[in-house]
Amino acid sequence: MFRAIADILRQIAGAIATVVTLPFRALARLFGGASGSAGRGGRGTGGRSGRTGRARRV
């Protein structure tokens with residue numbers, strides 16, 4: 001019974017976390033993912049270099 005309650009609480013917490021992080025994800029998209037690169041080990045910088053490469057070809 002406690003496992004069922006724990007699963008329900010986990011689902012509720014996951015839904016709350018999703019709703020809370022939505023505005024921050026939207027801001028990260030607006031700023032080109034710069035905020036994501038700081039927390040994920042520079043993952044966004046690779047995409048930026050790819051974008052500049054495409055800009056040069058055009």
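The coordinates are above.
### Re a nonpolar patch on the surface
And step 1. Taken together, the side chains of Met1, Phe2, Ile5, Ile8, Leu9, Ile12, Ile16, Val20, Phe24, Leu27, Leu30 and Phe31 make up a nonpolar region of the molecular surface, amounting to roughly 1400 Å² of accessible area.
And step 2. Turning to its location among the elements, Leu9 is positioned in helix α1 (residues 2-30).

### Let's talk about the pattern of salt bridges
And step 1. Enumeration over the complete set of coordinates arrives at 1 salt bridge.
And step 2. Close ionic contact of Asp7 with Arg10 constitutes a salt bridge, the shortest N to O distance being 2.7 Å. In this pair, Asp7 and Arg10 are both assigned in helix α1, 3 residues apart and thus about one turn of the helix distant.
And step 3. Take Asp7: its relative accessible area is 39%, and that puts it in the partly exposed class.

Calculation criteria
Residues numbered from 1 in each chain as written. Predicted model: local features only at pLDDT ≥ 70, side-chain atom pairs only at ≥ 80, totals over all residues. Heavy atoms only, no water. Patch = residues over 30% accessible without salt bridge, like charges linked within 9 Å, V, L, I, M, F, W, Y side chains within 5 Å. Areas by Shrake-Rupley, 256 points an atom, 1.4 Å probe, with all protein chains shown as cover. Salt bridge = Lys/Arg side-chain N within 4 Å of Asp/Glu carboxyl O. Helix = DSSP H or I, 4+ residues; strand = E, 2+ residues; numbered from the N terminus. Buried < 20%, exposed > 50% of the residue type's maximum accessible area, 1.4 Å probe, protein only.

Interpretation in functional terms is not warranted from these geometric data alone.
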